[in-house]
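Examining the three-dimensional arrangement
This is what each chain is made of:
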Amino acid sequence: MPLDATPDHASPSARPLARPLGLPSALPMAEKASYRAVFLSDIHLGTRGCNAAFLLDFLAHIECEKLYLVGDVVDGWRLKKSWYWQPQFDDVVRAFMDRAQAGTAVTYIPGNHDEMFRDWLGLELRGIKLQGEAVHTAADGRRFLVIHGDEFDGVIRYAKFLAHLGDWAYDWALVVNRVFNAGRRRLGYPYWSLSQWLKRQVKEAVKAIDRFETALAGEAKRRGLDGVICGHIHHAEMRTVSGVMYMNDGDWVESCTALVEHHDGRFELLDWAAVMRARHAASQTSRVTVPA
Ligand SMILES: [Mn+2]
């Protein structure tokens, strides 16, 4: 039985968490795709999970007037514990600096994992502006609050882990449950259902993500803006929440996603892992064996 099989789970908040994103409408191949603005966050340079190669590939295929780095670009927490730095991480940092030097307006909004940069807000580092938050005006005049989002987070990281538990976890839980309760019985304790507890936790996780989205949308609304652009929860999303646009640019650890604004003010979420898969598939089919 799947974890979400209970009827009361069929609320709007029970939408699938790992919704597949589309390929960019104009798949950039030979030419560079040009966007008005690009939003990236949760790159987590300094961790093994960081997909720097994918990000470098993305950066090599796009051009933009404005680039927003929406927090958790460098993982200072992890680096403090143990130093882990790849040459590719340098390449990413250099790519951002080169963009700024070449005329792209680069704004860096630190998150909670790179909060050390929050001491430097207002500074400009080699053309990169450090700001606590920003208001981005789209080509069509709509205005968006750009913020990392950890300020509105409860225990979302833990919640998200639970939200990703699937059927396998439920089966596994049943086994653990049996062993666990056999032990409890021997010790004279009453039966306790781990699967019921897990089910409740998953439901809470979905609610927690919902709360995050509602809180951020609410903040944008309170300020009279048309929406919010954020990161932090590693969950790319673009939907209307409380009457305003909620857009989360995702991450470069679990998925490889970016939010882009086209020159006409249209926003789009790009799944770069899917782009790279598509390109690889195309290169495979075009490889023709010529008989001798
Ligand atoms: Mn964060």
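Residues numbered from 1 in each chain as written. Predicted model: local features only at pLDDT ≥ 70, side-chain atom pairs only at ≥ 80, totals over all residues.

1. Topic: the packing of helix α1 (residues 52–60) against helix α3 (residues 87–101)
The packing of two helices is summarised by the inter-axis angle and the distance between the axes. Contact pair α1 / α3: the axes reach a minimum separation of 9 Å and the direction vectors enclose 30°. Judged by the angle between their axes, α1 and α3 are roughly parallel. As for the relative orientation of α1 and α3, their crossing is left-handed in sense. Contact with α1, carried on its side by Ala 52, Ala 53, Leu 55, Leu 56 and Leu 59, involves Gln 88, Phe 89, Asp 91, Val 92 and Ala 95 of α3 and no other residues of that element. Its residues placed into classes, the contact of α1 with α3 shows 8 nonpolar, 1 polar and 1 charged. (Axes fitted to C-alpha atoms, helices over the stretch in contact; angles between N-to-C directions. Helix = DSSP H or I, 4+ residues; strand = E, 2+ residues; numbered from the N terminus. Parallel < 35°, antiparallel > 145°, perpendicular 65-115°, else oblique. Left-handed = near helix turned anticlockwise from the far one by under 90°. Contact = placed C-beta atoms within 7 Å. Nonpolar A, V, L, I, M, F, W, Y, C, P; charged D, E, K, R; others polar.)

2. Examining the environment of Gly 218
Secondary-structure assignment places Gly 218 in helix α6 (residues 194–222). Each C-alpha atom of the pair Gly 218 and Val 244 lies 8.3 Å from the other, and the pair is 26 residues apart in sequence.

3. Description of the sheet that holds strand β8 (residues 227–230)
In spatial order, the strands read β6-β7-β8-β10-β9; together these 5 strands make up an open sheet with mixed pairing. Bordering the open sheet on either side are β6 (134–137) and β9 (237–241), each of which pairs with just one other strand. Strand-to-strand, the axes of this sheet are offset by a mean angle of 25°, without reference to chain direction. Pairing of β8 with strand β10 (residues 244–248), which is carried by 4 bridges, proceeds in the parallel orientation. What sits directly across from Val 228, in β10, is Tyr 246. (Pairing = 2+ DSSP bridges.)

4. Things to note about the pairing of β9
Pairing between β9 and β10: 5 bridges, direction antiparallel. Looking at β10, one finds that Arg 239 is bridged to Tyr 246. Two successive antiparallel strands, β9 and β10, enclose a turn made up of 2 residues, where Ser 242 displays a positive phi of approximately 50°.

5. Details of the nonpolar core
Counting residues in each nonpolar core, the largest one holds 62 residues, and the members touching the most others are Val 38, Phe 39, Leu 69, Val 70, Val 228, Ile 229 and Ala 258. Among the elements that make up this core, the one with the highest residue count is α6 (10 residues). (Core = buried A, V, L, I, M, F, W, Y, C linked by C-beta atoms within 7 Å. Buried ≥ 20, exposed ≤ 12 C-beta atoms within 10 Å, placed from the backbone.)

6. Here's the deal with the packing of α1 against helix α7 (residues 272–285)
Interaxial distance between α1 and α7 falls to 10 Å at its minimum, and their mutual angle equals 80°. Between α1 and α7, the angle falls in the class roughly perpendicular. Together, Phe 54, Asp 57 and Phe 58 of α1 and Trp 272, Ala 273 and Met 276 of α7 make up the contact between the two elements. In terms of residue class, the contact of α1 with α7 is built from 5 nonpolar, no polar and 1 charged.

7. Considerations on unusual backbone geometry
You will see that Asp 42, though not glycine, has its phi angle at about 55°, which is positive. Residue classification places Asp 42 among the buried positions, given that 29 C-beta atoms sit within 10 Å.

8. Focus on the confidence of the model for the protein
For the protein, per-residue confidence averages 84 on the pLDDT scale, and residues scoring 70 or more make up 80% of the total. Contacts for the low-pLDDT stretch residues 1–20, under 50 throughout, to residues beyond four places or in other chains number 21 contacts. (pLDDT = per-residue confidence, 0-100.)

9. Concerning the pairing of strand β1 (residues 33–40)
Alignment of β1 against strand β2 (residues 62–69), held across 7 bridges, turns out to be parallel. Each residue of the ladder has a partner; that of Ala 33, found in β2, is Ile 62. On the question of chirality, the crossover connecting β1 to the parallel β2 by way of α1 is right-handed. Sheet analysis places β1 next to strand β11 (residues 257–261), joined by 3 bridges and oriented antiparallel. When the bridges of β11 are listed, Val 38 appears paired with Val 260. (Right-handed = clockwise from strand over helix to strand, strands pointing away.)

10. Quick look at the sheet that holds strand β5 (residues 128–130)
Backbone-to-backbone hydrogen bonds join strands into a sheet, with any given pair of strands oriented parallel or antiparallel. Read from one edge to the other, the open sheet built from 7 strands follows the order β4-β5-β3-β2-β1-β11-β12, with strand pairing classed as mixed. In this open sheet, the two strands that pair with only one neighbour each are β4 (124–125) and β12 (267–271). Note that β2 and strand β3 (residues 105–108) share 4 bridges and pair parallel. When the sheet's bridge partners are listed, Tyr 68 is paired in β3 with Thr 107. This element, α7, spans β11 and β12 of the sheet and lies at about 60° to β12.

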